[in-house]
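# Remarks on the overall topology
Spelled out from the first residue to the last, the chains are:
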Amino acid sequence: MLCSCGSEAVYERIHEGNAYCASCLSHQVEQTCYRTVVHEHLIEKGDCVIVGVSGGKDSAVLLALLKKLQDALPFSLKALAVNEGIAGYRNESLSVARHWCATLGIEYETVSFPAGHELDAFARRKHCTYCGVLRRSLLNKGARELGATKLALGHNADDESQSILMNVLNGDVTRFERLGARPPSRGDRFVPRIKPLRNIMEKEIVAYALVNKVPFYRSECPYSHDNVRRDVLEVINALEQKRPGTKMKILGFYDGLRQQRDVRSNSLSHCLSCGEPSSGPLCRACVFLSTQASQ
Amino acid sequence: MRIFLDNRPHTLRGATVADLLRECDVNRETVLVEVNGSLVTSDRQLRDDDRVSFIPVFSGG
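All figures in this text were calculated on a predicted structure; none of them were measured in a lab. (Residues numbered from 1 in each chain as written. Chains lettered and ligands numbered in written order. Predicted model: local features only at pLDDT ≥ 70, side-chain atom pairs only at ≥ 80, totals over all residues. Heavy atoms only, no water.)

## Some remarks on empty space enclosed by the protein
Following the criterion strictly, the structure yields three cavities of 30 Å³ or more and no others. Its boundaries defined by the atoms lining it, the largest cavity holds a volume of some 140 Å³. Surrounding the largest cavity, 14 residues form its lining, Glu12 and Lys203 of chain A together with Val31, Val40 and Ser42 of chain B being those nearest its centre. Every element with two or more residues in the lining of the largest cavity is listed here: β1 (11–13) of chain A together with α1 (17–23) and β3 (31–35) of chain B. Here the lining of the largest cavity is composed, by residue class, of nine nonpolar, two polar and three charged. Its boundaries defined by the atoms lining it, the second largest cavity holds a volume of some 70 Å³. (1 Å grid on protein atoms, 1.4 Å probe; cavity = no way out; pocket = protein on both sides within 12 Å on 5 of 7 lines; lining within 4 Å. Points joined across faces, edges and corners; volume = space filled by probe spheres on them. Helix = DSSP H or I, 4+ residues; strand = E, 2+ residues; numbered from the N terminus. Nonpolar A, V, L, I, M, F, W, Y, C, P; charged D, E, K, R; others polar.)

Right, here's the structure in full:
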């Protein structure tokens, strides 16, 4: 199979019917990431972006892409890792992350689960829930202490489509609303989270890492086998194989819903002058009347 | 045809990477495939003694 440039393809985007060589794939991945950053206003000039890193392929590729982006947009970049205390897994993966940061010249910091509360010491079920809550809290606190204006996470299109479906299956509207490339801000103590890889398929991220020699730790978390996300992932992958494009359609559905909701909530606001329904602070009638009055 | 799949000898009835995925009952969404160290697409014709690796897409956590 050939890429449209004539070179031998290394990757096929089945749902689009396109194949890409290493160079065109890299270009596609980089452009998708930068388009998300620009369209969703994820990073602005002068931002201090802290990337949550694990040594896995998503955060490793995210670091590489944001490092490149610094050539075009002036912002500072640091990496923050969380050590949850998982024997035989996390120290090894963080070693890969630390070396990759050193190669890229990015400052690297680690925070750990409190002594006695490491994941290995958590004897009950639902390790992923416990871990997720503590990780998010430590990442937010650590990022804030490092002066972050944004906390960048390596969530990809697969993660996002799984989260959307998981929230539907759990009937969790509150969490459902917190998704997207730039989840709504939740107060001053929360560093705004951004997901520059949100529109890139997990498979493309691995392919990008391989062809660009981005080092990443390949093992899975030993606790990840028995969780809801794993079940949802298997369902979505089965659907994607049978009906290519399913993952991107789930994202499209979410984006469309959010857009409609924004439009709806805008239309439900009221004019500050007359109290009639308005999409802005003043309804158009009041704007016209005030303009005419001043003429 | 005899190939090496993840360093183990494997007899393949078909001729392409897509055939191999089907014969091994592997969902193409879950792996990338390298042949002799290079990433390939599913239409790649395989030959005797090719060294094939399945690279799992899901990792980390």
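## Observations concerning the packing of helix α1 (residues 22–39) of chain A against helix α7 (residues 202–211) of chain A
All names here are of chain A. Close contact between α1 and α7 brings their axes to 10 Å; oriented N to C, the two are set at 125°. Taken together, the axes of α1 and α7 lie oblique to each other. As for the relative orientation of α1 and α7, their crossing is left-handed in sense. Listed contacts from α7 to Ala22, Leu25, Ser26, Val29 and Glu30 of α1 are Glu204, Ala207, Tyr208 and Val211. Of the residues assigned to the contact of α1 with α7, the class counts are six nonpolar, one polar and two charged. (Axes fitted to C-alpha atoms, helices over the stretch in contact; angles between N-to-C directions. Parallel < 35°, antiparallel > 145°, perpendicular 65-115°, else oblique. Left-handed = near helix turned anticlockwise from the far one by under 90°. Contact = heavy atoms within 4.5 Å.)

## So, the sheet that holds β3 of chain B
Residue and element names in this part refer to chain B. Spatially, five strands are ordered β2-β1-β5-β3-β4 in an open sheet, and the strand pairing comes out mixed. The open sheet terminates on both sides in strands that have one partner only, identified here as β2 (8–11) and β4 (38–40). Each neighbouring strand pair of the sheet contributes to a mean axis angle of 40°, computed without reference to strand direction. Two elements, β3 and β4, share three bridges in a ladder whose sense is antiparallel. When the bridges of β4 are listed, Val35 appears paired with Ser38. (Pairing = 2+ DSSP bridges.)

## Notes on the sheet that holds strand β6 (residues 150–152) of chain A
All names here are of chain A. The five strands lie next to each other as β5-β4-β3-β6-β7, forming an open sheet whose pairing is parallel. Single-partner strands in this sheet number two, and they are β5 (107–112) and β7 (193–194). Across the sheet, helix α2 (residues 57–69) lies against β3 (48–53), β4 (76–83) and β6, angled at about 155° from β3, the strand it touches most. Contacting β3, β4, β5 and β6, helix α4 (residues 127–145) crosses the sheet at an angle of about 145° to β4.

## Topic: the side chain of Thr16 of chain B
By secondary structure assignment, the location of Thr16 of chain B is in the loop between β2 and α1. The class for Thr16 of chain B is buried, based on a relative accessible area of 13%. (Buried < 20%, exposed > 50% of the residue type's maximum accessible area, 1.4 Å probe, protein only.)

## Comments concerning helix α5 (residues 157–170) of chain A
Since the α-helix packs 3.6 residues into each turn, any two residues three or four apart lie on the same face. All names here are of chain A. A rise of 1.5 Å per residue sets the reference length of α5, with its 14 residues, at 20 Å; its end C-alpha atoms lie 20 Å apart and thus fit the reference within 8%. For α5, the buried fraction is high: ten of the 14 residues fall into the buried class. Regarding α5, the residues found buried are Ala157, Asp158, Asp159, Glu160, Ser161, Gln162, Ser163, Ile164, Met166 and Asn167. For α5, the N-terminal capping position is held by Asn156, with its side-chain oxygen 2.9 Å away from the main-chain nitrogen of Asp158. Within two residues after α5, Gly171 carries a phi angle of roughly 65°, on the positive side. (Expected span 1.5 Å × (residues − 1). Polar contact = N/O pair within 3.5 Å; in protein donor to acceptor, adjacent residues only side chain to side chain.)

## A word on the nonpolar core
Residues Ile43, Val51, Leu63 and Leu66 of chain A together with Leu32 of chain B are the most contacted members of the largest nonpolar core, which totals 50 residues. Looking at this core, the elements that each hand over two or more residues are α1, β3, α2, β4, α3 (90–104) and α7 of chain A. Take this core: its biggest share by element is eight residues, from α2 of chain A. Ile50, Tyr130, Leu139 and Leu153 of chain A belong to the second-largest nonpolar core, a separate cluster that totals 20 residues. (Core = buried A, V, L, I, M, F, W, Y, C linked by side-chain atoms within 4.5 Å.)

## Here's the deal with the side chain of Glu12 of chain A
Along the chain, Glu12 of chain A falls in strand β1. This buried residue, Glu12 of chain A, is left without a salt bridge; Lys203 of chain A holds the nearest opposite charge, at 6.7 Å. Reaching out from Glu12 of chain A, the side chain makes a polar contact with the backbone nitrogen of Ser42 of chain B at a distance of 2.6 Å. Setting aside residues up to four positions removed in sequence, Glu12 of chain A forms contacts with Met1, Asn18 and Ala19 of chain A together with Thr41 and Ser42 of chain B. (Lys, Arg positive; Asp, Glu negative; His and termini not counted. Salt bridge = Lys/Arg side-chain N within 4 Å of Asp/Glu carboxyl O.)

Scope: geometric values only; no functional claims are made or implied.
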